[in-house]
Each structure stands twice: as C-alpha cells, then as structure tokens.
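# Structure assessment
Chain residues, written in single-letter form:
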Amino acid sequence: MKKLPLFFMPALFILFFLPSYSYAKNKYAEKSQQWKCLTVPAVGKKAIDCRFDEAGCSKEGVAGHRIKLTQTGLTPNKDVYVIGCIGTSTGNLLCTTGNKDADDAVYGDWEGGKLKTSAPNLKNLMSDPDIKYEFQGLYKNGTTRMEPPSPFKPVGTALTSQKEWYEWQDYTPKEMNRKWLTFQWGDPTTAAPVGKGGGNQQGTFSFNFLNTSKDCASIAWDPYGRLFDSSTLEPIDNTQITLQINKGGVFSAMTSADLLGGNLINPQQVYEDGAFSFIVPDGDYKLLPTLPYVTDLAKIDPNYKKAYSEIYAGEVIQQRGAIQHRDIAIATQNTNTTPKAISFFYDATPYGTIALDGTVSHPLTKINVKTAKVSTVHPSSKIPYRTIQTAQADKMGKFNFTVDQNKFEKTGSYTEIIAGIELVKVDLRTGTESSASSQTVALEPIPQYLEGYAYNSMGTVLPNTTVGVYLSSGVSSVAEVITDENGLFKITTDSLPSSTYNLRYTTKTGVTFVVKPSTFLAQNQQYYAQNKLSPYVGRYIGGTVAPTGDPINKVTSQNKGANIQSSEKQEDQKMTNKQIQNNQIPSQTLVLVLILVLLLGGVVGVVIYLKKKKTSI
C-alpha cells in the first residue's frame, strides 16, 4: 500500500478531531417571543384605573375593574396577544390572555405543530384560593369586545396612537398587583458557543421586557376602605361587610339586579389586609360590617391617623361621581396577627438590580431583605447570611424599592444570593417593631447570565444534556441549549426572563430533573469566581455587558462610593468579555475556510506529485 502524502494529514486531523459546531434547532427555532409593556394612564407617578376621569376611558363596563392600555412599537401585520399578569404572595408572576386556548398558544408546550401540554394559567388563577381571579373582557377603544384568544392583528395605527387603545376588565376579591404586556412572535435569536468545544445553543426567545417593574406600570385597585381593630390598630381578617343601598327611603342589601350590567359580590369577604371595595354607580349607601364598629373617635387609639382616615360612623354615603373612601374601626377584638404578603412583583434587571413592588397586609410593615451564602462545597445548602437592605411599606401596605446585587459578595469560597424578604410588624401605637411577629417570604435569585456546567445531584457533569429555562407561568421552555462534551453551556441575557424561572436538565437517556437557580449558582460558584463573571449583570450574544449608569447611579450622595465601585466592576467585566472574545477559537466559518484551503493545497500537491512521478517514468 502506498504511503499517503504528508500534506493530507493536517486536513484529516481537522476533519476528524476538531470539535463539532453543529447547531441543534428546538421546536421554536423559527420563532422568538417578543414582549412589550403596555402603558397605563397615570396622574403624577401613580397609575390610575377607569374610575378616574383623567384615565380617558370609554365609561363602559365596571370602572373600578377596568384599565386603559396603550402601546407603541408593535410589529404591523403580526398577530398580537394582550397578557394580564397578577403578582402572587410569593412574588411569582401568573399571566393569562383571559382565554384558555390563547394561553395554550402563548404558554403551552408545542411540538411539530401539535399541543403536547396545555397551559394551566387561567385555571390556576381562577382556582387559587388566594386569588380567585375572574376575567371579564378585553375591549378595543373600550366598546368593541375582543375575543381573546383569537389573536387579533393591529390595523393601521392601532396601539400606536392615543386614538386607539384597549380596555381590560377583570376582578379579584383581594387587592392584587397587576401589570399588562403584549406578545408577538418574532425572528429567532442564536447565541454564540461557549468553551473550547462550544455548547450547542438552540434557537431561543428574545425577551424585550427586561426590568418589567421599571418599564411596565403596575397597579392594584385601590381599596375603598379597611376594617381595623380600634385598640391594636391592626387590620381585621376573616369577616364580612355588606353594602346597603337606598331603595325608596329604605336601606337594604344591594344585589346585582341593582347594578346595570355589573357583577356585585355582596356581602364581601374581608381578608388579611382588612380591605373591602364596592364599585357602584351614583346613589346613597351605607356599610354594615358583621362585627360591631366604633363611631366615637375618642374610643379609637389616637395613633390611627398614621394609617387610617375618614372613619365611618354609620352616616349615609352619597356617591356623586367622586370616589368615596371609608375606614371602619371595629370594636376591639384584641387583634394580634402577623404581616403577610398579599401580592408583589419580583423582577431582575440586566444592571444587576432587583425590583420589588407590591402590597403587604399591615400598614408601615418593615421589610428586611435577607441574603444567603452558596458554594460549590455545599451546593444544596443556603447558609443564612445577613440583612442587606431595609425598606418600609406605606400606610396602605404598599412598597416599591430596588436591591442592588452589585453590592453582593462574590469570593473564591462563596457567592451571596438573595434569599427572601422578612416582613416585620410595626405597632402603630408605639412605632416599635415586633420581631416575634414576622413572616419571611423565600425568594430564588433570577440570574441574568448563565454560564457553567450542568451537574446532577451527585455532582457529576452532564455532557450533551438539554438545559431548558421555564417560567413560573408556562409549561414550555423559553430557552434551550445543549451542553458540550464537557457539560458546559451558556445562556445570555437575551434569552433569560426578568421574572422567576427554573432550569430543567434532560439527559441523553431522557432523565429529566429541575434545578433551581440557587443550586446552579452554588454548583458553579468557583467557575464564576475563577472567570470573574457575575450572574446578575447582563451579557448578550455579542458579549456586550449591560450599560452602566441607569438606573444604578441615580442614587443619593451617600451611595456614590458604592456605585463607583459597581461601575469599576462592570468595566472589569467589559474587559474580561473583550479578552474572551479575542481568545475565542475560530468560528465555524473560519474552520471551514481553513479546511477548504488545506484540501485545495492537497489537490495541488497531488497534481505536482503525479507530474513528477510521470516525468520520472
């Protein structure tokens, strides 16, 4: 057998030993998700609903259950869905189109054009005893009912001018925080490979609603009043209140028959925050709680003014256009309850910050942000660490603040993560805190950049394993990658949601298990430290770090030093990114060009070799 010329050897080496750069396609490879925030009318910085004339609503439907929604920047001639989201008591986001079939189209699990698993979004919202959601309609310009989920198509300037808008109407017995988004299918995005061998990244979704708490106006229907203990000043829970209407000079319980085209629940159940809300037309009304109430202000602890106002004393309430508010002091029940989270949004931003926006049951509740340490040594453990920040709810129990994760510690031995928020009761009478009366809501971190190894619970790396990102609402993955032969993968900010999610690993043998973000960060704590990476700051397909400045640097002077350090860290990350880009192995195109050059050289070599051989003969 004749010897193979030496110039063939490099080409064969490249063909057989270079890593594969094949890119797998997932079931959504041809599409990406494009989300945008809907705009809610506001007076000053406060979002308002259709009860307010300033909102510019159509005056149709139940004003207190309606919101006017506008939007610019939608892609013309593409199907669009309007999505309504409720913030739960755990910070998870539950969203729906208002229709089961539309929820399946947006959140269901599809493969080959067939629905594998239905989305339980609307069902979960309706059946959850803490929410009891009721969708009541979506209307174009407030009058033309849209039947979600028929996806409807924007026409002309629809949703791009104030001449066109949508009105969404829904109901929950409790005051729940809400926000609204639009959804369209767009072009796919493809991420770059990671590691020497390169991870196979499948077509993924593009999230345009990063930092939704900042960009999406949220609103909770303001309560018309609250029941509170006249002595302890705590909200009254687990009782009822009845609305009475004047019918020919006689006050009796109002019914749905007295509300044209409306849906009235009367009597109304009062929950942890003591809030009640009756949305009615002009008329004369009275309120009748089940428990006896106090009409003499002298018999109410004078500190009630810190949180309550317009105390009801049994008078006739004349509803004449303006919203009527009444708080009711209940004869003391020696109420002593623990603050509870009613509803809140918990979102990460690509700047390394976390936005928390919601409502707690007790006025002026102190909110402590708790952190924990995680490490590669004990990947299944969260070691409680410290209180990194404190905030306070207002007199209505509302809160809205930002946590800067750039201040979290990242060392060679551990990574600091957010672990939860502690709700501490504040005694309105004395202003003192009661640490014995507190509740902690556990939170998972929301990484905005994932890079590292996929491990099973035994700490074994998982090569060629599918890694899926799953939202808290939805049964389909919003992003999928396949780990390389070393178990390494990367998912950039473009493909990661800003709200809570989990990872799901599916091995080559079909074994699937869920991995929480905190576990992933613990397992890869040393990887992040060695490569000087931050899981909290955005990195995109092109390797760009999220811009510094807004919103982190918009702070008071006492925090300037910390933000300078934060900016320096992000600049270091930019440099690291550039170094990574400069040191990356050639792309698939360059490799193919190199192979073609070598093969061409081989062909030329063969021709020369044969000519010489012929000459020698």
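Keep in mind the model is a prediction, meaning the values are calculated, not measured.

## Some details on the overall build of the protein
A tally of regular secondary structure across the protein gives eight helices and 34 strands. Across the 617 residues of the protein, 51% fall into the buried class. Residue pairs at least 24 apart in sequence account for 73% of intrachain contacts in the protein once pairs closer than 6 positions are excluded. Element-wise, carbon and sulfur atoms account for 54% of the exposed surface of the protein, whose accessible area totals about 28,200 Å².

## What to know about the pattern of salt bridges
Per the stated rule, a full pass over the model turns up 21 salt bridges. Measuring nitrogen to oxygen at the nearest pair gives 2.5 Å for the salt bridge that ties Lys 59 to Asp 53. Here Lys 59 falls in the exposed class, since its relative accessible area comes to 56%. For Asp 53, a relative accessible area of 60% gives the class exposed. The closest approach of N and O atoms between Glu 167 and Arg 66, which form a salt bridge, is 2.6 Å. Here Glu 167, found in strand E11 (residues 166–171), pairs with Arg 66, found in strand E4 (residues 66–69); they are 101 residues apart in sequence, far enough to count as distant. Comparing Glu 167 with Arg 66 shows no difference in burial state: the two are buried.

## What to know about the sheet that holds strand E23 (residues 353–360)
Read from one edge to the other, the open sheet built from three strands follows the order E22-E23-E26, with strand pairing classed as antiparallel. Of all strands in the sheet, those with a lone pairing partner are strand E22 (341–348) and strand E26 (398–404), marking the two edges. The average undirected angle you get between the axes of adjacent strands in this sheet is 15°. When E23 meets E26, the two strands line up antiparallel, connected through seven bridges. Each residue of the ladder has a partner; that of Thr 353, found in E26, is Asp 404.

## Looking at the environment of Asn 368
Note on placement: Asn 368 falls in strand E24 (residues 366–374). For Asn 368, the contacting residues outside a window of four places in its chain are Thr 387, Gln 389, Thr 390, Gly 420, Ile 421, Glu 422 and Val 424. A polar contact of 3.1 Å, which involves the side chain of Asn 368, links it to the side chain of Thr 390.

## What to know about helix H2 (residues 100–107)
Burial in H2 covers these residues: Ala 102, Asp 103, Asp 104, Val 106 and Tyr 107. One side-chain oxygen of the residue at the start of H2 lies 2.8 Å from the amide nitrogen of Asp 101, identifying that residue as Asn 99.

## Here's the deal with the environment of Ser 498
Along the chain, the position of Ser 498 falls in the loop between strand E32 (488–491) and strand E33 (501–506). What makes Ser 498 buried here is its relative accessible area of 1%. Distance in space between the C-alpha atoms of Ser 498 and Ile 354 is 9.2 Å, their sequence separation being 144 residues.

## Side note on the pairing of strand E6 (residues 93–96)
In E6, alternate side chains face the same way, and those of Leu 93 and Cys 95 on one face and Leu 94 and Thr 96 on the other are all buried. One ladder, built from four bridges, connects strand E5 (residues 81–87) with E6; its direction is antiparallel. Looking at the pairing, Gly 84 lines up with Thr 96 of E6. In textbook terms, the turn of a hairpin is the stretch between consecutive antiparallel strands, and for E5 and E6 this stretch comprises five residues, one of which, Gly 91, has a positive phi near 90°.

## Considerations on the state of the cysteines
Evaluation of the coordinates by the stated rule reveals two disulfides. Paired by a disulfide, Cys 50 and Cys 57 hold their sulfur atoms 2.1 Å apart. On the sign convention where negative is left-handed, the bridge of Cys 50 and Cys 57, at about -75° about the S-S bond, is left-handed. Cys 50 sits in the buried class, given a relative accessible area of 7%. Here Cys 85 is linked by a disulfide to Cys 95, with a sulfur-sulfur distance of 2.1 Å. Across the S-S bond of Cys 85 and Cys 95 the torsion is about 110°, and the bridge reads as right-handed. In this pair, Cys 85 is assigned in strand E5 and Cys 95 in strand E6, connecting sequence segments 10 residues apart.

## Quick word on the sheet that holds strand E27 (residues 415–426)
If you walk across this open sheet you meet the four strands as E25-E24-E27-E28, and the pairing is antiparallel. The open sheet terminates on both sides in strands that have one partner only, identified here as strand E25 (383–392) and strand E28 (433–442). The average undirected angle you get between the axes of adjacent strands in this sheet is 30°. In the sheet, E27 pairs with E28 via seven bridges, with the strands oriented antiparallel. Residue pairing in the sheet places Gly 420 in a bridge with Ala 442 of E28.

## Regarding the pairing of strand E34 (residues 512–515)
The side chains of a regular strand alternate, residue by residue, between the two faces of the sheet. Two strands pair when backbone bridges link them, and E33 and E34 are joined in this way by four bridges, in the antiparallel orientation. Note that in E34 the partner of Arg 504 across the bridge is Val 514. Between the end of E33 and the start of E34, which pair antiparallel, lie five residues, with Gly 510 showing a positive phi angle near 90°.

## Describing the packing of aromatic side chains
Enumeration over the complete set of coordinates arrives at 13 aromatic pairs. When the centroid spacing of 6.2 Å and the interplanar angle of 50° are considered together, the rings of Phe 344 and Phe 399 count as tilted. In this pair, Phe 344 sits in strand E22 while Phe 399 sits in strand E26, placing the two residues 55 residues apart along the sequence. The buried category is assigned to Phe 344, whose relative accessible area is 0%. Residue classification places Phe 399 among the buried residues on the basis of a relative accessible area of 4%. Put simply, the rings of Phe 344, Phe 399 and Phe 401 pair up and form one aromatic cluster. The positively charged end of Lys 286 is found above the aromatic ring belonging to Phe 251, 4.9 Å away from the centroid. The lysine or arginine in question, Lys 373, covers the ring of Tyr 385, its NZ or CZ lying 4.4 Å from the ring centre.

## Examining unusual backbone geometry
The residue after Asn 266, namely Pro 267, is reached through a cis peptide bond having omega 5°. As for its position among the elements, Pro 267 is in the loop between strand E16 (250–253) and strand E17 (268–270). Residue Lys 132 is not a glycine yet carries a positive backbone phi of 50°. As for its position among the elements, Lys 132 is in the loop between helix H3 (121–127) and strand E9 (134–140).

## Brief notes about the confidence of the model for the protein
As a note on interpretation, predicted positions should not be read in detail where pLDDT is low. Per-residue confidence for the protein gives a mean pLDDT of 79, with 72% of residues at or over 70. Note on residues 149–158: pLDDT is under 50 here. Beyond four places in sequence and across chains, it has 22 contacts. In this model residues 188–214 is a low-confidence stretch, pLDDT under 50, and it forms 116 contacts with partners more than four residues away in sequence or in other chains.

## Description of the environment of Leu 423
Within the secondary structure, Leu 423 sits in strand E27. You can call Leu 423 buried: its relative accessible area is 0%. Along the primary structure Leu 423 and Gln 439 are separated by 16 residues, whereas in three dimensions their C-alpha atoms are 5.1 Å apart. Excluding anything up to four places from it in sequence, Leu 423 contacts Pro 339, Lys 340, Ala 341, Val 360, Thr 365, Lys 366, Ile 367, Ser 437, Ser 438, Gln 439 and Val 441.

Calculation rules
Residues numbered from 1 in each chain as written. Predicted model: local features only at pLDDT ≥ 70, side-chain atom pairs only at ≥ 80, totals over all residues. Heavy atoms only, no water. Helix = DSSP H or I, 4+ residues; strand = E, 2+ residues; numbered from the N terminus. Buried < 20%, exposed > 50% of the residue type's maximum accessible area, 1.4 Å probe, protein only. Contact = heavy atoms within 4.5 Å. Areas by Shrake-Rupley, 256 points an atom, 1.4 Å probe, with all protein chains shown as cover. Salt bridge = Lys/Arg side-chain N within 4 Å of Asp/Glu carboxyl O. Pairing = 2+ DSSP bridges. Axes fitted to C-alpha atoms, helices over the stretch in contact; angles between N-to-C directions. Polar contact = N/O pair within 3.5 Å; in protein donor to acceptor, adjacent residues only side chain to side chain. Disulfide = S-S within 2.5 Å. Phe/Tyr/Trp six-rings, centres within 6.5 Å; stacked < 30°, edge-to-face > 60°. Lys NZ or Arg CZ within 6 Å of the ring centre and 35° of its normal. pLDDT = per-residue confidence, 0-100.

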